[in-house]
Amino acid sequence: MTIRKAVIPVAGFGTRFLPATRSVPKVLIPVLDRPPLHLAVEEAARAGVEHVVLVVSPDQQSVADYFTPKPAVEDALERRGNHALLGQMRDIARTVDVSCVTQHEQLGLGHAVLMAREAVDDEPFCVLLPDDVIWSDAPTIGSMAEHHDSLGGPVIAVKRVPDEAVPSLGIVDVRDASGPLSRIAGMVEKPRLEDAPSNLAIIGRYVLPPRIFDALENVAPGAGGEIQLTDAIAALLPTEAAHAYEFPGVHFDVGTPLGLLKASVHDALRRPDTAAEFRRWLAETL
Ligand code: UTP
């Protein structure tokens, strides 16, 4: 795989999680016991990414701290013989190199990605949004990077969504479907349902060429007055063949409290350490 770097933007206000996000960044509110940030970095690491660039806001020191080694906690786990948890703690802190860049003004997702320009430099890279949790056998971003290696150009994860979800998402217009891949003919952020070209919504996984940074510099504010990543990718379409990837696996949007709860329930029902007791409690409760 040629993709070595991942950008993970987490600098948004997270208003849908207020009041919790008054002091806790949304990406650290856990799915059962793992923050979405942890899951996104783990997915990138499993895909072979070497360097993760977190785009943080000025008051998100706790996000950077998440990845620093915790020797006192690790010693305590060692003494208690909790080797499984110790392994997990060490893996996440040490398998990838994590650095942070600051987005001083929350001008949108596209603007957040632009803040990583210097760290990414002149090579293709991937973007993962921790709000989208995808559980699948192979890491989704790794499969997308492999498709990028053979096809070139942007590769964007998509999922078929019901009509009512269309106006709040980025939507793609596709041609020439071949298995999970199709060529993207156009894309639009948060269209009215009657204007939407399809029900295929963009989910937060992207493989992008470095030319996206010039497009982001030049794109005008779009939906919601924000610099939209979708608009910058759309600006590349006349010169770059872009592909949509309908990924396998289970997806949750954990950017809302209800979505986070559903993901936690899904996880608790399948994890060996929680499944039996949780299933019993749930059956009694229902
Ligand atoms: P969202 O649109 O979900 O915004 O951002 P948000 O601020 O996180 O949450 P709400 O809508 O207020 O509840 C999508 C992704 O882009 C990042 C967010 O952190 C999230 O990962 N983002 C958004 C930035 O990093 N900077 C921005 O200016 C906007």
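For the structure, see preceding data.
Each residue is numbered by its place in its chain's sequence as written, counting from 1. Only residues with pLDDT of at least 70 are given local features in this predicted model, and only at 80 or more are side-chain atom pairs given and counted; all residues enter the totals for whole chains, interfaces and linings. Hydrogens and water molecules were not included; the side-chain quantities draw on all heavy atoms of the structure.

Undergrad: Please provide a residue-by-residue account of helix α7 (residues 140-151), values included.
TA: Segments assigned H or I by DSSP are reported as helices when at least four residues long, segments assigned E as strands when at least two residues long, and all are numbered from the N terminus. A helix is expected to span 1.5 Å multiplied by its residue count minus one. Here α7 contains 12 residues, and its C-alpha end-to-end distance of 16 Å stays within 8% of the 16 Å for a straight helix at 1.5 Å per residue. Here α7 has its buried residues at Thr-140, Ile-141, Gly-142, Ser-143, Met-144, Ala-145 and His-148. Throughout, a contact is declared for two residues whenever any of their heavy atoms are within 4.5 Å. Packing partners of the buried residues in α7 comprise α1 (36-46), β4 (125-128), β5 (132-135), β6 (155-160), β9 (200-208) and β10 (243-246). One or two residues past the end of α7 sits Gly-152, with phi positive at roughly 75°. For every residue, the accessible area (1.4 Å probe, protein chains only) is compared with the maximum for its type, and the residue is labelled buried under 20%, exposed over 50%, or partly exposed between those bounds.

Undergrad: Report on the environment of Val-10, specifying residues and quantitative values.
TA: Here Val-10 is to be found in the loop between β1 (5-9) and α1. Along the primary structure Val-10 and Leu-129 are separated by 119 residues, whereas in three dimensions their C-alpha atoms are 7.7 Å apart.

Undergrad: Got a sec to walk through the pairing of strand β7 (residues 170-178)? Specific residues and values, please.
TA: The sheet contact formed by β7 and strand β8 (residues 181-189) spans seven bridges and is antiparallel. Bridging across to β8, Val-174 finds its partner in Ile-184. Should DSSP find at least two bridges between two strands, the strands are regarded as paired. What sits between β7 and β8 in their antiparallel hairpin is a turn of two residues, with Gly-179 showing a positive phi close to 60°.

Undergrad: Residue-level account of the nonpolar core, with values.
TA: Within soluble globular proteins, side chains that are nonpolar tend to cluster in buried spots. Side-chain atoms within 4.5 Å are what join buried Ala, Val, Leu, Ile, Met, Phe, Trp, Tyr and Cys residues into a set we call a nonpolar core. Grouped together as the largest cluster of nonpolar side chains are 34 residues, with contacts concentrated most on Phe-125, Tyr-206, Ile-212 and Leu-216. Among the secondary structure elements, those contributing two or more residues to this core are β2 (51-56), α5 (109-114), β4, β6, β8, β9, α8 (212-218) and α9 (229-236). Discounting residues that sit within four places of it in the chain, Tyr-206 has contacts with Leu-109, Phe-125, Cys-126, Val-127, Leu-129, Ile-141, Met-144, Val-155, Ile-156, Leu-229 and Ile-233. If you look at the next biggest cluster of nonpolar residues, it comprises 32 residues, including Leu-37, Leu-54, Leu-181 and Ile-203.

Undergrad: Would you mind going over the site of the ligand in detail, with residue names and values included?
TA: Working definition: residue near molecule or strand if any one of its non-hydrogen atoms lies within 4 Å of it. The local shell around the ligand holds 16 residues, among which Pro-9, Thr-15, Arg-16, Lys-26 and Gln-103 are the closest. Throughout this description, a polar contact denotes any pair of N or O atoms lying within 3.5 Å of each other; where both atoms belong to protein, one of them has to be capable of donating a hydrogen while the other can accept it, and for residues adjacent in sequence the pair is counted only when both atoms sit in side chains. For the ligand, an oxygen atom lies 2.8 Å from a polar atom in the backbone of Phe-13. One of the backbone N or O atoms of Arg-16 is found 2.8 Å from an oxygen atom in the ligand. Residue exposure ignores everything except the shown protein chains as possible cover, and the areas themselves are Shrake-Rupley values with a 1.4 Å probe. When the ligand sits alone it has 570 Å² of accessible area, and the protein chains cover 83% of it. When grouped by side-chain class, the residues that make up the shell around the ligand number seven nonpolar, six polar and three charged. Following the grouping adopted for this structure description, the nonpolar residues are Ala, Val, Leu, Ile, Met, Phe, Trp, Tyr, Cys and Pro, the charged ones are Asp, Glu, Lys and Arg, and the polar ones are all others, Gly among them.

Undergrad: Before we move on, could you go through unusual backbone geometry and cite the residues and values that matter?
TA: Cis geometry is found at the peptide bond from Leu-18 to Pro-19, where omega equals 10°. With respect to the helices and strands, the residue Pro-19 is situated in the loop between β1 and α1. At Asp-121, a position not held by glycine, the phi torsion is positive, near 65°. As for its placement among the helices and strands, Asp-121 is situated in the loop between α6 (117-120) and β4. Although it is not a glycine, Lys-190 adopts a positive phi angle of roughly 50°. With respect to the element layout, Lys-190 can be found in the loop between β8 and β9. Residue classification places Lys-190 among the partly exposed residues on the basis of a relative accessible area of 41%.

Undergrad: Describe the pairing of β9, with residues and values.
TA: Side chains on a regular strand alternate between the two faces of the sheet. Counting buried positions along β9 yields nine of nine residues, so the element is predominantly enclosed. Here β9 shows two buried faces, one formed by Leu-200, Ile-202, Gly-204, Tyr-206 and Leu-208 and the other by Ala-201, Ile-203, Arg-205 and Val-207. Note that β4 and β9 share four bridges and pair antiparallel. Bridging across to β9, Leu-128 finds its partner in Arg-205. Looking at chain direction, β6 and β9 are connected through five bridges and run antiparallel. Bridged to Val-158 within β9 is Ile-202.

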